[in-house]
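# Observations on the model geometry
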Amino acid sequence: MNASPTTPAPAEAPAPARRRLAVINLMPQAEIYLDYMAQVLPPGTDVRWIRVRNHPYRSSNQEILAATHHYYDETTLEDCDALLLTGAAMDLNPDFTAATYWDEIVETLRDADGRVGSIAGVCWGAQVVGKVFFGIEKQHFPAKISGVIEMTNIAPEHPLTRGLDDRYWLPQSRYAQMEPVAFEKAVADGLLVPLDWSEESGHTTVVSADGAYLMLQGHQDYPTERLAEEYHNALRKGQSPPVPLNYDPERPVNRWRANNRAFFAAWLELAAERKRANGLPAAPDAAPSAVPSQL
């Protein structure tokens, strides 16, 4: 009897490259940001959490903070593709330098410049990146922008936004923006590239022309319930916050998750490409750890 031909085993698909991200975490209740990032970063992303020395983190779980976050030193960015600066409870103050950790943040960002493929900031952090690297001050709104805003993708061919819908939803929770005159000059000079726009929020997502700096004035990092929590916290404090636009805080629905996951994946790939192009080592494909979840 003839032997049956052996069917060759299918070749295993190569494992996707793992990316490594350093995060300077200034958020109130810093431990909740671990889960926030786990929901939007590509699976397997290795995150190095950074705390700052001149910030008391009074609202944070000190045990989780000590177990997961470390102070910045010369080894922190080893093999990191990118660095992200979170938002902070400083967005109501028009003076950047009023933050007790301002000098520390500036020193860290400047030290990281050129050592990672891209530096990003979220909300207040975005305006800090604009200030440190482009000298742009911030301008406060008459009232806080809060809600889920429908953005127009005005740069559909850009590596960061070509995978996004023509129009997409983006959470916003901020009191300020990059000062418009200086911002428009930086755009006209070819330094900055706005990626989206809306009537309610203006240009929210902005990248430098070379991809080295990313300013996320909105909240690509927010999970479904965050705006509801902010709204109810304000009510408990006796404030009269407006109901967030296009969002029901009693029955929140997520309309931004897929686009924001695609955005963060594209950013980390761009950062890794820039780092390799600059002759620096990107994160190895076999990075051992994943995004830690809240303990």
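Up top you'll find the structure we're talking about.
One structure accompanies this document, and this report is about it. As the structure is a computational prediction, the values presented were derived from the model and not from experiment.

About the criteria used
- Residues numbered from 1 in each chain as written.
- Predicted model: local features only at pLDDT ≥ 70, side-chain atom pairs only at ≥ 80, totals over all residues.
- Heavy atoms only, no water.
- 1 Å grid on protein atoms, 1.4 Å probe; cavity = no way out; pocket = protein on both sides within 12 Å on 5 of 7 lines; lining within 4 Å.
- Points joined across faces, edges and corners; volume = space filled by probe spheres on them.
- Helix = DSSP H or I, 4+ residues; strand = E, 2+ residues; numbered from the N terminus.
- Axes fitted to C-alpha atoms, helices over the stretch in contact; angles between N-to-C directions.
- Parallel < 35°, antiparallel > 145°, perpendicular 65-115°, else oblique.
- Contact = heavy atoms within 4.5 Å.
- Nonpolar A, V, L, I, M, F, W, Y, C, P; charged D, E, K, R; others polar.
- Phe/Tyr/Trp six-rings, centres within 6.5 Å; stacked < 30°, edge-to-face > 60°.
- Buried < 20%, exposed > 50% of the residue type's maximum accessible area, 1.4 Å probe, protein only.

### Details of empty space enclosed by the protein
Across all of its chains, the model carries 1 cavity of 30 Å³ or more by this definition. In this model, the largest cavity occupies a volume close to 70 Å³. Looking at the largest cavity, the residues that line it are Tyr36, Gln39, Val40, Gln220, Asp221, Tyr222, Pro223, Thr224, Asn254, Trp256, Arg257 and Asn260. If you list the elements that add at least two residues to the lining of the largest cavity, you get helix H1 (32–40) and helix H7 (257–277).

### Here we look at the packing of H1 against H7
Here H1 crosses H7 at 90°, and the two axes come no closer than 8 Å. Taken together, the axis directions place H1 and H7 in an arrangement best described as roughly perpendicular. Packed against H1, whose contacting residues are Met37, Gln39 and Val40, the element H7 presents Asn260, Arg261 and Phe264 at the interface. Tallied by class, residues from the contact of H1 with H7 come to 3 nonpolar, 2 polar and 1 charged.

### With respect to the packing of aromatic side chains
Taken as a whole and assessed by the stated rule, the structure comprises 10 aromatic pairs. Judged by centre distance (5.8 Å) and plane angle (55°), the rings of Tyr33 and Tyr36 are tilted. Of this pair, Tyr33 and Tyr36 both sit in helix H1, 3 residues apart, which is roughly one turn of that helix. We classify Tyr33 as buried; its relative accessible area is 0%. Classification of Tyr36 as buried rests on a relative accessible area of 5%.

By themselves, these are just geometric observations and shouldn't be taken as functional.
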